[in-house]
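Chain residues, written in single-letter form:
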Amino acid sequence: MASSKKKWFGYLVTAALSLILILALLVSADVNEVSEELAHSSLLLIVIAALLYLAMVFVRTVRWYILLKGAGQTLPFKSCLPHYAVGQALNDVTPGRVLGDAVRAAGISEEEEGVAIGASLSTLVYERVMDMLFTTIALVASFASVYIFGIYEGAWDALAFLMVVIVVGNLLVIGIISHPAIAAKLGAFGIWVSKALKNEKDRERFANWVNKTVASFNEGRSMSWKKNKKHIITSMFLTILIWCMEFTRMVIIFDSIGATVFLSVIVLSSIISFTAQLIFPAGGGNMMVVSEFFQAAGLTSAVSATAGLLSIITSIWLIVPIALCIFILKKGRYGTHRGKTGQQTTVNE
């Protein structure tokens, strides 16, 4: 319990620091100028950007549903959407972008009979790999375009170093999570940890859970090109669509404040913002990158800060209250699981 409280305290501190960062960026850009930019922005385009983000969450859920089917899990699509929304919101407000994924995988396996948590976790591996592969390719192509046409006025050395770090980091993560022996090693570590439990029944229960999770994970991630060609191709197509929707959303945001920006710069900022959210969640990383990046691309500090603020208003700050409502509506079903008879039984904490 103490460890859990300490962890959540850390999340809150990180989120608070992110919000302080946002306020600092607004103050440095002159709040009055930002307010004036917001007052003259197009409300219609801002609403369209927000709707596009919600559509993107829907498409991400469709991709997850397809991957679950490819992993042999049968469940209605309507069950996936609320779990994805809650998971997305948690990822956006906590560092590392892993808590939401874990809650999403555990939630869907808990609510839907027959959905193994390991198989659910394995679909998250495919999601991460697809996202990282696309963003790595897009990042390199956009950087080359920006460099060739000289449309970035910032420090090239800093941008090049940041791009190399992200690309190398993505490739390392892809290699680690795609390696077949990783799950087995984690399972062995889990069994070793279970030995620390004093109660023999708890130790046995935990060890069985680890074995089942690893087995279902390996089973779920064993999708092959021959067996699951349709699922893989569809998911890859949806990954491209998801990121194209994100780039389009940023274009619409700049149109709403009457600013024109090269698409390659938008692609770079979107991908780097996504990475920055790992450290500064709750919009802090997004706001920092968008604001600083577009200043270096030639825009004023007020326009850059306004674009950053609208970016998080139409995404992170939009999904969090929606997810909170979903969580409240489903609260009676969290912490329960379905037995073979279909009835819900309470899980002992």
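Structure shown above.
Remember, it's a predicted structure, so these values are computed and weren't measured experimentally. (Residues numbered from 1 in each chain as written. Predicted model: local features only at pLDDT ≥ 70, side-chain atom pairs only at ≥ 80, totals over all residues. Heavy atoms only, no water.)

> Now, about the overall build of the protein chain: what can you tell me, with residues and values included?
Counting secondary structure elements, the protein chain contains 14 helices and two strands. The proportion of buried residues among the 349 residues of the protein chain is 47%. Expressed as a percentage of contacts within the protein chain between residues at least 6 apart in sequence, the contacts between residues at least 24 apart total 73%. For the protein chain, the accessible surface area stands at approximately 18100 Å², while carbon and sulfur atoms represent 69% of it. (Helix = DSSP H or I, 4+ residues; strand = E, 2+ residues; numbered from the N terminus. Buried < 20%, exposed > 50% of the residue type's maximum accessible area, 1.4 Å probe, protein only. Contact = heavy atoms within 4.5 Å. Areas by Shrake-Rupley, 256 points an atom, 1.4 Å probe, with all protein chains shown as cover.)

> Any details on the nonpolar core? Residues and values, ideally.
Within the largest apolar cluster, 61 residues are counted, with the highest numbers of intra-cluster contacts made by Trp64, Leu139, Phe254, Ile257, Val261, Ile271 and Phe294. With eleven residues, helix 3 (residues 43–70) is the single largest residue contributor to this core. Apart from the residues within four sequence positions on either side, Ile271 is in contact with Thr135, Ala138, Leu139, Trp243 and Phe247. In this structure, Val34, Ala305, Ile312 and Ile316 belong to the second largest nonpolar core, which totals five residues. (Core = buried A, V, L, I, M, F, W, Y, C linked by side-chain atoms within 4.5 Å.)

> Tell me what's going on with helix 10 (residues 229–256), and back it up with residues and numbers.
If you check helix 10, its first and last C-alpha atoms are 40 Å apart, about what 28 residues at 1.5 Å a residue would give, namely 40 Å. Looking one or two places after helix 10, you find Gly258, whose phi comes out positive at around 75°. (Expected span 1.5 Å × (residues − 1).)

> Describe the side chain of Thr136, with residues and values.
With respect to the element layout, Thr136 can be found in helix 6 (residues 117–149). Leaving out residues up to four positions away in the same chain, Thr136 has contacts with Val167 and Asn170.

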